[in-house]
Amino acid sequence: MPSDCVFCKIANKEMESEIVYEDSDVVAFKDISPAAPVHLLVVPRKHISTHQEVLEEDAYLLGKIHMVINELARAFQIEEDGYRVIVNCGKHSGQVVYHLHFHLLGGKPLTDSLAEGRGA
Ligand code: 5GP
Ligand code: ZN
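Source: prediction; values computed, not measured.

With 17 residues, helix α2 (residues 59-75) should cover 24 Å at 1.5 Å per step; its first-to-last C-alpha distance of 24 Å lies within 8% of that length. Taken residue by residue, α2 has L61, L62, K64, I65, V68, I69, L72 and A73 as its buried positions. Tucked into the core, α2 has its buried residues touching β1 (19-22), β2 (26-30), β3 (38-44), β4 (83-86) and β5 (102-106). Looking one or two places after α2, you find Q77, whose phi comes out positive at around 55°.

In structure tokens, the structure reads:
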């Protein structure tokens, strides 16, 4: 794990955050700068820098993350109205923290534009 990785530090409790879920593989916490009433970040404890670095051996971990997202959507009562799950990968996506994370956003109608400047 890179010593300067913010999300490794949060997962290891070396840095403050509002953790809402944790198990041996996955940690979820509130985004420090929420873009919606519910804005959680769900991360693997394993340091994976981007979506491109996901390996076949991570398949179980990735599946588990999605189960945790479903559980959190129910816990935060956004499962009925719906929500959005986002992974940014690399420069064009605007990825800022290079530790794989899944944004879980909900609690209000979200913009229908998936990307600014939509259109090929
Ligand atoms: P990205 O653009 O990399 O997909 O998103 C990174 C997210 O992490 C942003 O939404 C940002 O607000 C959040 N974030 C960055 N630093 C921290 C932090 O120290 N604590 C928490 N809880 N969230 C953070
Ligand atoms: Zn990390």
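Moving on from the model shown.
Turning to the packing of aromatic side chains, a few remarks are in order. The relation between two aromatic rings is expressed through the spacing of the ring centres and the mutual angle of the planes. Scanning the model with the defined rule gives one aromatic pair in all. Seen in terms of ring centroids, F7 and F29 are 5.2 Å apart; in terms of plane orientation they differ by 70°. Their pairing is edge-to-face. Here F7, found in helix α1 (residues 6-11), pairs with F29, found in strand β2; they are 22 residues apart in sequence, far enough to count as distant. For F7, a relative accessible area of 7% puts it in the buried group.

Adjacent strands of a sheet form backbone hydrogen bonds with each other and so pair up, either parallel or antiparallel. Within the open sheet, the five strands sit side by side as β1-β2-β3-β5-β4. Their pairing is antiparallel. Strands at the two margins of the open sheet, each flanked by one partner only, are β1 and β4. Direction aside, neighbouring strands of the sheet carry axes that sit 20° apart on average. Looking at chain direction, β1 and β2 are connected through three bridges and run antiparallel. For I19, the partnering residue across the bridge sits in β2 and is F29.

For the rest of this paragraph, the subject is the coordination of the zinc ion (ligand 2). Six octahedral donors at a metal ideally form angles of 90 or 180 degrees, and four tetrahedral donors ideally form angles of 109.5 degrees. Donor atoms from the polypeptide that coordinate the zinc ion (ligand 2) comprise C5 (SG), C8 (SG), H47 (ND1) and H99 (ND1), at 2.0 to 2.2 Å from the metal. Viewed at the metal, the four donor atoms of the zinc ion (ligand 2) are separated by angles of 105 to 116°, and the geometry they form is tetrahedral. Each donor residue of the zinc ion (ligand 2) lies on the same chain, and together they follow the pattern C-x2-C-x38-H-x51-H. Here C5, found in the segment before α1, pairs with H47, found in the loop between β3 and α2; they are 42 residues apart in sequence, far enough to count as distant. Judged by its relative accessible area of 7%, C5 falls in the buried class.

As a matter of local geometry, ligand 1 sits amid 17 residues, with K30, D31, V96, H101 and H103 nearest to it. Contact between ligand 1 and H101: an oxygen atom at 2.7 Å from a side-chain N or O atom of the residue. Compared with its free state, where it exposes 530 Å², ligand 1 has 82% of that area covered by protein. Mapped onto the shell around ligand 1, the elements with two or more residues apiece are α1 and β2. Sorting elements by how many residues they give to the shell around ligand 1 places α1 first, with three residues. Per-class residue counts for the shell around ligand 1 are nine nonpolar, six polar and two charged.

What counts and how
Counting from 1, residues in each chain are numbered in the order their sequence is written. To read the labels, note that chains go from A and ligands from 1, taken in the order they are written. For this predicted model, a pLDDT threshold of at least 70 governs which residues receive local features, and a threshold of 80 or more governs which side-chain atom pairs are given and counted, while totals over whole chains, interfaces and linings are taken from all residues. The basis for every side-chain value is the complete set of heavy atoms in the structure, and neither hydrogens nor water enter the calculation. The helix and strand labels rest on DSSP assignments: H or I over at least four residues marks a helix, E over at least two residues marks a strand, and numbering proceeds from the N terminus. A helix is expected to span 1.5 Å multiplied by its residue count minus one. Partly exposed describes any residue whose relative accessible area lies between the buried limit of under 20% and the exposed limit of over 50%, with all areas from a 1.4 Å probe on protein chains only and scaled to the type maximum. Contacts were defined at the residue level, with two residues in contact if any of their heavy atoms lie within 4.5 Å. Each Phe, Tyr or Trp ring, with Trp reduced to its six-membered ring, pairs with another whose centre is within 6.5 Å; inter-plane angles below 30 degrees give stacked pairs, above 60 give edge-to-face pairs, and intermediate values give tilted ones. Paired strands, as defined in this entry, are two strands with at least two bridges between them according to DSSP. Axes, fitted as lines to C-alpha atoms, cover a helix only where it is in contact. Angles between the N-to-C directions of the axes lie from 0 to 180 degrees. Water is not among the atoms examined, so metal sites may look incomplete; donors are the N, O and S atoms within 2.8 Å of the metal, or within 3.2 Å for Na, K and Ca. Here the metal geometry follows the donor angles, with tetrahedral for four donors whose angles all fall between 85 and 135 degrees, square planar for four and octahedral for six when opposite donors are more than 155 degrees apart and every other angle is between 65 and 115, and irregular for all the rest. Note on terminology: near, applied to a residue and a molecule or strand, indicates that one of the residue's heavy atoms is within 4 Å of it. Any N or O atom pair separated by 3.5 Å or less is treated as a polar contact, with the protein-specific requirement of one donor-capable and one acceptor-capable atom, and with residues adjacent in sequence counted only for side-chain atom pairs. Accessible surface area values rest on a Shrake-Rupley calculation with a 1.4 Å probe, where residue burial reflects the displayed protein chains alone. Basically, the charged four are Asp, Glu, Lys and Arg, the nonpolar ten are Ala, Val, Leu, Ile, Met, Phe, Trp, Tyr, Cys and Pro, and anything else, Gly included, counts as polar.

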